[in-house]
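These are the residues of each chain, in order.
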Amino acid sequence: MLLYVVSTVFVCYLSFNLRRGQLTPIVWNTLFWIIMLFTAVNAIGKSFSQERFGRLIYYYSLCSPQAIIISKIIYNSLIMMVLSLIGFGFYAFVLGNPVGDTNLYMVCIALAAVGFASVLTLIAGIASKADNSATLMAVLSFPIILPMLLMTIRLAKNALDGLDWSVSTDEITTLLAIDAIVITLSYLLFPYLWKS
Amino acid sequence: MRKIWWKILCIVIIFYVIIFGFMGPVPHLAIVNETIRNTYFHVALWLAMTTLLLAAMIFSINYLRTGLVSNDDIASELTKSGIFFGLLGCMTGSAWATFTWGDPWPNDPKLNSAAVGMLIYLAYLLLRSSFEDEQRRARISSVYNIFAFAVFVPIIYILPRLTDSLHPGSGGNSTFGSIDIDNDMRKVFYPAIIGYILLGMWLAELRIRVKVINRVREENFIMSKKV
């Protein structure tokens, strides 16, 4: 996955090499989040389908579904956090770093990582039950993740311009609220999914 | 004929809404002018759709609690009529926007989130169609349906209000009800919502009956083969 991020960033770097001046901060920001979105879908989509049937039964007999979904969310959040930090580092390294307020940008990355991970884990669980899970994963997750992505891009834009933190409190609270809704729902709904 | 009264009520209300919606008195306002009559259709359709989807979610929760397939039938058909109303709501809204905002699809947060909401529910249909086994399909699509509704309400009703939108009730605009709807409009507007909800229930009910008949026929077919 790390290689995936790095090579995508490098492809973007080479494509924008033709016209260096065209890469305005807004384009820079949007491009980064789109790379992150695709990385997240690819990384987390595998979290259920990758495991063999026998091992799932083993987990099933071992512990409660709540424990499984919470641990999967935590694990995926950590993975996303690491991936996006490294991705950000490499991205800033090759494409320049116009970020005004790095701390806020880091907060934004952390929030987005947790949010993406929690939404996509449940969706990956749903999609893994179907046959053509890769297509289904994309179709199901994009509309649901879109509001979160838009909020994140807006927050990241504030960080990019180095605005005061008080400007971004709205976005931060909204993102936290969405995260809370999604995690609660996953916690409640996953047991039904796990049974089948 | 069992419980026919609400179907008659539905027809009466729909005709009442159509006749009084086009002929009744409305307040005259700048820009909207006579298109304010679209309130009876566009706004009422969206509210009816939300009610139907809420009912669908309740039946999905019921399915997960009880495990009866009939609950899932009801949930899926209510969702389908909700999607149908959503498409109608998009079309009427688009017609309205052409005359008031000068563009059939202006770049507005609420429109975009409505499109996303429709995509979420179309994905529900796709998810349903990708399972063979009935119980499995019912359980997984119930889970998705609850999740979808919980995401749908914030993106349609909460997020657009936090930003600037052309719709009333967003970004500091006041809602419709507080300034422009007078009592003449209320007489048509509230029945319109009830009428559309009843119509949606009727559509769903017909499709549920077809589904049940097909299931019974299939079972009979299998039974006759065994004998």
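Residues numbered from 1 in each chain as written. Chains lettered and ligands numbered in written order. Predicted model: local features only at pLDDT ≥ 70, side-chain atom pairs only at ≥ 80, totals over all residues.

Enquirer: Summarise the overall build of chain B; cite the residues concerned and give the values.
Expert: Tallying secondary structure elements over chain B gives seven helices and zero strands in all. Starting at the N terminus and walking to the C terminus, you meet the elements of chain B as α-α-α-α-α-α-α. Burial statistics for chain B: of 227 residues in total, 38% are counted as buried. Within chain B, residue pairs in contact and separated by at least 24 positions form 74% of the contacts whose partners lie at least 6 positions apart. (Helix = DSSP H or I, 4+ residues; strand = E, 2+ residues; numbered from the N terminus. Buried ≥ 20, exposed ≤ 12 C-beta atoms within 10 Å, placed from the backbone. Contact = placed C-beta atoms within 7 Å.)

Enquirer: Mind laying out the packing of helix H5 (residues 102–128) of chain A against helix H7 (residues 165–195) of chain A, listing which residues take part and the relevant values?
Expert: All names here are of chain A. Orientation of H5 relative to H7, taken along the N-to-C sense of each, is 20°, at an axis distance of 9 Å. Between H5 and H7, the crossing angle belongs to the class labelled roughly parallel. Note that H5 runs across H7; the crossing there is left-handed. Facing Leu104, Leu111, Val114, Gly115, Ser118, Val119, Thr121, Leu122, Gly125 and Ile126 of H5, the residues of H7 in contact are Trp165, Ser168, Leu175, Ile178, Asp179, Val182, Ile183, Ser186, Leu189, Phe190 and Leu193. Its residues assigned to classes, the contact of H5 with H7 comprises 14 nonpolar, six polar and one charged. (Axes fitted to C-alpha atoms, helices over the stretch in contact; angles between N-to-C directions. Parallel < 35°, antiparallel > 145°, perpendicular 65-115°, else oblique. Left-handed = near helix turned anticlockwise from the far one by under 90°. Nonpolar A, V, L, I, M, F, W, Y, C, P; charged D, E, K, R; others polar.)

Enquirer: Would you mind going over the interface of chain A and chain B in detail, with residue names and values included?
Expert: Across the boundary between the two partners, chain A contributes 21 residues, which contact 22 residues of chain B. Residues of the side of chain A that touches chain B, tallied by class, amount to 15 nonpolar, three polar and three charged.

Enquirer: Lay out the packing of helix H4 (residues 65–95) of chain A against H5 of chain A in plain terms, naming residues and giving numbers.
Expert: Residue and element names in this part refer to chain A. Where H4 contacts H5, the axes come no closer than 8 Å and their chain directions differ by 135°. The orientation of H4 relative to H5 falls into the category oblique. With respect to the hand of their crossing, H4 and H5 are arranged in right-handed fashion. Residues Ile69, Lys72, Ile73, Asn76, Ser77, Met80, Met81, Ser84, Leu85 and Phe88 of H4 pack against Ile109, Ala110, Ala113, Val114, Phe116, Ala117, Ser118 and Thr121 of H5. Class assignment of the residues belonging to the contact of H4 with H5 gives a composition of twelve nonpolar, five polar and one charged.

Enquirer: Before we move on, could you go through the environment of Ile74 of chain A and cite the residues and values that matter?
Expert: Residue and element names in this part refer to chain A. Along the polypeptide, Ile74 turns up in helix H4. For Ile74, a count of 14 C-beta atoms within 10 Å gives the class partly exposed. Spatially, the C-alpha atoms of Ile74 and Gly100 are 30 Å apart, while their sequence positions differ by 26 residues.

Enquirer: Help me get a handle on H4 of chain A, residues and values and all.
Expert: With 31 residues, H4 of chain A should reach 45 Å at 1.5 Å per residue; the first-to-last C-alpha distance of 43 Å fits that figure. One or two steps after H4 of chain A, the chain reaches Gly96 of chain A, where phi turns positive at roughly 85°. (Expected span 1.5 Å × (residues − 1).)

Enquirer: Describe in detail the environment of Met151 of chain A, supporting the description with residues and values.
Expert: All names here are of chain A. Checked against the element boundaries, Met151 lands in helix H6 (residues 133–161). For the pair Met151 and Cys108, spaced 43 residues apart in the sequence, the C-alpha separation amounts to 9.9 Å. Sequence-distant contacts of Met151, that is, excluding residues within four places in its chain, are made with Glu171, Thr174 and Leu175.

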